[in-house]
Amino acid sequence: MADHILAHPGFADPVHDAQSSFRALLQALARPGTLHAVAAPPDPPAPLSPATAAVLLTLVDSDAPVHLAGPFALLAPWVAFHTGSGEAAADGAAFVLADALPEFAALPTGSDEIPEASATVILQVPALKGGPPLILRGPGIETMQEFAPLGLPGDFVARWAANRRLYPRGIDLVLCAGDRIAGLPRSTTVTEWR
Amino acid sequence: MAYVAVKGGERAIDAAHAWLAAERRGDTAVPELETAQIREQLGRAVDRVMAEGSLYDPDLAALAIKQAQGDLIEAGFLLRALRTTLPRFGVSLPIETETMRLARRISAIFKDLPGGQVLGPTYDYTHRLLDFSLAANGTQATAPEAEARDEAAPRVPDILGREGLLEADGASAAEPFDLTRAPLTFPASRDARLQGLARGDEGFLLGLGYSTQRGYGNNHPFVGELRVGEVDVEIVPPELGFSVCIGTVELTECQMVNQFAGSKTQPAQFTRGYGLAFGHAERRAMAMALVDRALRAEELGEARTAPAQDAEFVLSTCDNVEATGFVEHLKLPHYVDFQSELETIRRLRGNTGKPATSLPEAAG
Amino acid sequence: MKGYNFAYLDEQTKRMLRRALLKAVAIPGHQIPFGAREMPLPYGWGTGGIQVTASVIGRGDTLKVIDQGADDTTNAVSIRRFFAKTAGVRTTTRTAEATVIQTRHRIPETPLTDAQIIVYQVPQPEPLYKLEPSRTETRRMHALADYGAMHVKLYEQVARYGQIAISYDYPVMVNGRHLMAPSPIPAFDNPKMHRMKALQLFGAGREKRIYAVPPYTEVVSLDFEDYPFRAGRAPHACALCGDTASYLDEVVTDDRGGRMFVCSDTNHCATRRERAA
């Protein structure tokens, strides 16, 4: 396992790669549905995409632990070594890493007084375009933004609408594919393309 | 006056810093202060700076005092600003003040007690007469020495506690709050409150503590014990698995024994107020203990009526680094806001920017 | 700078700030408590803005710092130097060249673009504090969107003065949900916040709060239908560049009532004069 950890290093330049990946994240959440390239680590361990690995290395640490869902559970030693994050249960996690959209009800969504005490879901998907088109509206969007990732569940629009109704509570979503990311903050309204 | 857009901020700052350095040095005919002199001869100032700077390092505190020209709040700020940049290598075990090597230990609630009353180095019974022999320098101060008493000096609250007359201390296995890394939110737990008080401004704590004695949230305090001395600091390195001493700190601890509480179901007990400070700082530790007790009003079922009992007020105001920054920031230019106020007040007076001489006389 | 990390803060502190910033962006106008650090500049002098900038800025950025609209005010100089020293970033006084703009009390006259981030230094992030000093209570008021007290305050001003008499730090409603302090910018600048193309970030170091307004977000200055919000400026032209629309400083030129009015935004004024020359 130690070989595995060292065979897949973290950021080549921890300070500046984290900074540039953070700026991509900031833009992604400030401009929902737009795609942004991150400064990815050279050779992330499977099944992490470069973008997913960069997001973990940028945001996760011992003060903000991540829950590794599904196939990512195997990566716990790599994540612990490179971020200092222990394993968190889904209902107590600051971040949830998944390749299938988790049920939001199982995750912290904050309170009306402390809506920020909620989980950010890092969702690794096959691609950020080419999927069924969605229309986004809300803060960060001039009029409307088209967004068509692959890998969202068929009932995504309804599940997101339920999340939107919790506002200012709610889950924020970061989607990762290849070396790119896109954001869906809780403030975004999502409808199907008609 | 011919007006040109103001330039020269950079040059002004450089020149101001140079002037400050020259002023700090003062008359070069007078020998320059060494930080060791400050550390050894201005120990109470060093202790205050360490407490309010949240960093135990007498040498750096002495340097900060020198750099700040003896402005102790500025010196504390210098230590704080350094402190935030220091890496954290580990966390110490809780210190054991029971094993303190006592320089001073007094109890106001017992005439004598195990371990004895130890008067130690105190100003308490000095007559406050200026000592002109100090101005002449060359004092060879030597203190008489006696054999150390080979007798345990248990903490007075523990003596009372054995009889159940004093409430048990709030021991907790939980990871304590860390004020230096997380924002304080309210209601604040006692560990968070004590941290805020431990580095709060001494003058502010003193005033608040005093206010409780003047009826603003009285809690009938007795000095159960005040002790000053050195304590070992121990850590458990993960690779060793047992504790090792990494140094000693001088501390002042005050245990106030306060107004008893009780009910039909709970037997009456005295309650506690706790103060702890770096170095020899009795006034600070006592004031802290008074305020700690006052802040427990709600928990002990007392009416919360006085400023010293309002945790949000006390803890949001007691930090002198925050306070001095915000009070002094009023020196920064505010002319944009002031201009907007000028325009508003002119508009309210129905007068738009005519020369001031033609403005009507201010009412009232 | 030797002995310190890029942009002064250590990486763990930056991560803490960055997580708070992302939450702030996700909940426009909502204040996020964060573990503000002591900075080598005093609280109240821009430590919140500095911490936000330090967690955002990278080697490729160009930084502009203004105070009262001017690049050359001493505190702006001091903060610009801090980043030049600790991050080695390029600095500029030209609004259009900057990728990150840290400001105290003004929004530049030149409209900001979607390639820019503006970081506000905030002394008092709580818009309700003059009505209710307890932050425990104001947090509850925000949770319930219970902003009636602020409307009452504005109404009392109308009753007393015949108009709303707030000149700066004029409260705004963000995204139709959170009441927000725009920082002590003159009310004149409030309309620039509405649907601004640039990302707006706010840092309050002493009060340990971060908040944000994403691009194109609704930012509405509170008012009444019959007493609409008015953005005031001195009714003059700039004595240096002749602008009749920019925000003006009043400069006293003698002790006999003499005065002149010049642009508060020094880069805006200089650029106009360059073009005219």
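Predicted model only: the values in this text are computed from it and were never measured.

Draft legend 1. Focus on the sheet that holds strand 7 (residues 172-177) of chain A. All names here are of chain A. Across the sheet, six strands lie side by side as 1-8-7-4-3-2; this open sheet has mixed pairing. The open sheet has two edge strands with one neighbour each: strand 1 (36-37) and strand 2 (66-68). In this sheet, strand 8 (residues 180-184) lies alongside strand 7 in antiparallel orientation, the contact comprising five bridges. The partner of Leu175 across the bridge, within strand 8, is Ala182. Strands in contact with helix 2 (residues 14-30) are strand 1, strand 7 and strand 8; relative to strand 8, the strand with the most contacts, it is inclined by about 40 degrees.

Draft legend 2. Layout of the interface of chain C and chain B. In this assembly, 66 residues from chain C lie in contact with 48 residues from chain B. Summed over both partners, the interface of chain C with chain B comes to about 4,900 Å²; 56% of that surface belongs to carbon and sulfur atoms. Per-residue buried area on chain C facing chain B is highest for C:Glu38, C:Asp72 and C:Arg81; these three make up 13% of the total on that side. For the interface between chain C and chain B, the tally reads 27 residue pairs in polar contact (both at pLDDT 80 or more). Here the element with the most residues in the side of chain C that touches chain B is helix 3 (residues 74-86) of chain C; it accounts for six residues.

Draft legend 3. Up close: the side chain of B:Glu282. All names here are of chain B. Residue placement: Glu282 occurs in helix 10 (residues 282-295). Among the residues examined, Glu282 registers a relative accessible area of 12% and is labelled buried. Side-chain polar atoms of Glu282 contact the side chain of His280, separated by 2.6 Å.

Draft legend 4. Seen up close, the pattern of salt bridges. Residues and elements named next belong to chain B. Tallied over the entire structure, the rule returns 61 salt bridges over all chains. Ionic pairing is found between Arg190 and Asp292, a salt bridge with its closest N-O pair at 2.6 Å. On the criterion of sequence distance, the pair formed by Arg190 in helix 8 (residues 190-198) and Asp292 in helix 10 is long-range, its members being 102 residues apart. On the accessibility criterion, Asp292 (0% relative accessible area) is buried. Across the pair Asp319 and Arg199 runs a salt bridge, and its minimum N-O distance is 3.9 Å. With a gap of 120 residues between them, Asp319 in the loop between helix 11 (311-317) and helix 12 (320-328) and Arg199 in the loop between helix 8 and helix 9 (202-213) connect regions that are remote in the sequence.

Draft legend 5. A look at the sheet that holds strand 8 (residues 199-204) of chain C. All names here are of chain C. Reading across from one edge, 1-9-8-5-4-2-3 is the order of the seven strands in this open sheet, with mixed pairing throughout. Looking at strand neighbours, the two that pair on one side only are strand 1 (32-33) and strand 3 (90-91), the edges of this open sheet. Bridge count between strand 8 and strand 9 (residues 209-213): five bridges; the pairing is antiparallel. Bridging from a neighbouring strand, Gln200 pairs with Val213 of strand 9.

About the cut-offs
- Residues numbered from 1 in each chain as written.
- Chains lettered and ligands numbered in written order.
- Predicted model: local features only at pLDDT ≥ 70, side-chain atom pairs only at ≥ 80, totals over all residues.
- Heavy atoms only, no water.
- Pairing = 2+ DSSP bridges.
- Helix = DSSP H or I, 4+ residues; strand = E, 2+ residues; numbered from the N terminus.
- Contact = heavy atoms within 4.5 Å.
- Axes fitted to C-alpha atoms, helices over the stretch in contact; angles between N-to-C directions.
- Buried area = accessible area lost by both parts, 1.4 Å probe.
- Polar contact = N/O pair within 3.5 Å; in protein donor to acceptor, adjacent residues only side chain to side chain.
- Buried < 20%, exposed > 50% of the residue type's maximum accessible area, 1.4 Å probe, protein only.
- Salt bridge = Lys/Arg side-chain N within 4 Å of Asp/Glu carboxyl O.

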